[in-house]
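An overview of the molecular structure
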Amino acid sequence: MSMNKRLALSIFWVVCGVSLIVLSSLAIIDGTLWSGTGGALCAVGISQIVRQVKFRTDPEYREKMRIVETDERNRYIRLKAWAWAGYCTVILGGLTVIGLLIANLRYEATLLSSCVCFLLCAYWISYFVIQGKE
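A brief report on the enclosed structure follows.

Cut-off values and rules
- Residues numbered from 1 in each chain as written.
- Predicted model: local features only at pLDDT ≥ 70, side-chain atom pairs only at ≥ 80, totals over all residues.
- Heavy atoms only, no water.
- Axes fitted to C-alpha atoms, helices over the stretch in contact; angles between N-to-C directions.
- Helix = DSSP H or I, 4+ residues; strand = E, 2+ residues; numbered from the N terminus.
- Parallel < 35°, antiparallel > 145°, perpendicular 65-115°, else oblique.
- Left-handed = near helix turned anticlockwise from the far one by under 90°.
- Nonpolar A, V, L, I, M, F, W, Y, C, P; charged D, E, K, R; others polar.
- Buried < 20%, exposed > 50% of the residue type's maximum accessible area, 1.4 Å probe, protein only.
- Contact = heavy atoms within 4.5 Å.
- Phe/Tyr/Trp six-rings, centres within 6.5 Å; stacked < 30°, edge-to-face > 60°.
- 1 Å grid on protein atoms, 1.4 Å probe; cavity = no way out; pocket = protein on both sides within 12 Å on 5 of 7 lines; lining within 4 Å.
- Points joined across faces, edges and corners; volume = space filled by probe spheres on them.
- Expected span 1.5 Å × (residues − 1).

Viewed as axis vectors pointing N to C, helix α1 (residues 3-25) and helix α2 (residues 32-57) meet at an angle of 155°, and their least axial separation amounts to 7 Å. Between α1 and α2, the crossing angle belongs to the class labelled roughly antiparallel. Considering the relative orientation of α1 and α2, their crossing is left-handed. Of the residues belonging to the contact of α1 with α2, the class tally is 15 nonpolar, 11 polar and two charged.

So this is what it looks like as structure tokens:
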């Protein structure tokens, strides 16, 4: 993604966040959930704008970020981290389903087991797609 598109996306998040805060303050939309979401979007957008400006103006930071994004070792570590996050999510989800069934919370167990099933199906499909590309 180009630098200008990233900056535009960051500005978009700030505008969305401010819009949610304003709409929630004017009671056009209901609840503090939306104002909190708006605040989070503003924070993310502003932090990304600061990061983009620093990237454009500081050559040392630009080189450091280029290494972080393109270095083979860092790419491998990121892939391993996603793999471990996936393993932990599926295992904890499965254990939680068992706990919910023991607690006789069938609706919640069904909902969570559907999520675990979706993750496993997504893994299975992506495995075969990636295997076919290599």
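Read on for the rest.
As for its position among the elements, Ser10 is in helix α1. Residue classification places Ser10 among the buried positions, given a relative accessible area of 4%. Leave out the neighbours within four places in its chain, and Ser10 touches Gly45, Gln48 and Ile49.

Each aromatic ring pair is characterised by the separation of its centres together with the angle its planes make. Following the criterion strictly, the structure yields five aromatic pairs and no others. Pairing Trp84 with Tyr87 gives two aromatic rings, centres 5.9 Å apart and planes at 80°, and the pair type is edge-to-face. With Trp84 and Tyr87 both in helix α4 (residues 72-102), this residue pair falls three residues apart, about one helical turn. A residue is classified by how much of its surface remains accessible, and Trp84, at 54% relative accessible area, is exposed. With a centroid separation of 5.2 Å and an interplanar angle of 85°, the aromatic rings of Trp124 and Phe128 are classed as edge-to-face. With Trp124 and Phe128 both in helix α5 (residues 106-133) and four residues apart, the pair spans about one turn of that helix. For Trp124, a relative accessible area of 52% puts it in the exposed group. Through successive ring pairs, a cluster of aromatic residues spans Tyr123, Trp124, Tyr127 and Phe128.

This part covers the layout of surface pockets. Considering only enclosed or pocket space, the largest pocket measures out at about 510 Å³ in volume. Lining the largest pocket are 13 residues, and of these Trp82, Ala83, Gly86, Tyr87 and Tyr123 lie nearest its centre. Of all elements in the fold, only α4 and α5 reach the threshold of two or more residues within the lining of the largest pocket. Here the lining of the largest pocket takes seven residues from α4, the largest share from any one element. Its residues assigned to classes, the lining of the largest pocket shows 10 nonpolar, three polar and no charged.

Here we take up the environment of Lys64. Here Lys64 is to be found in helix α3 (residues 59-70). Judged by relative accessible area, which is 52%, Lys64 ranks as exposed. Taking the C-alpha atoms as reference points, Lys64 and Ser47, separated by 17 residues in sequence, lie 18 Å from one another.

Another aspect to go through is α1. Across its 23 residues, α1 extends 33 Å between first and last C-alpha, which sits within 8% of the 33 Å expected from 1.5 Å per residue. Every buried residue of α1 is accounted for by Ser10, Val14, Gly17, Leu20 and Ser24. Elements that come into contact with the buried residues of α1 comprise α2. Trailing α1 by a residue or two, Ala27 shows a phi angle of about 60°, which is positive.

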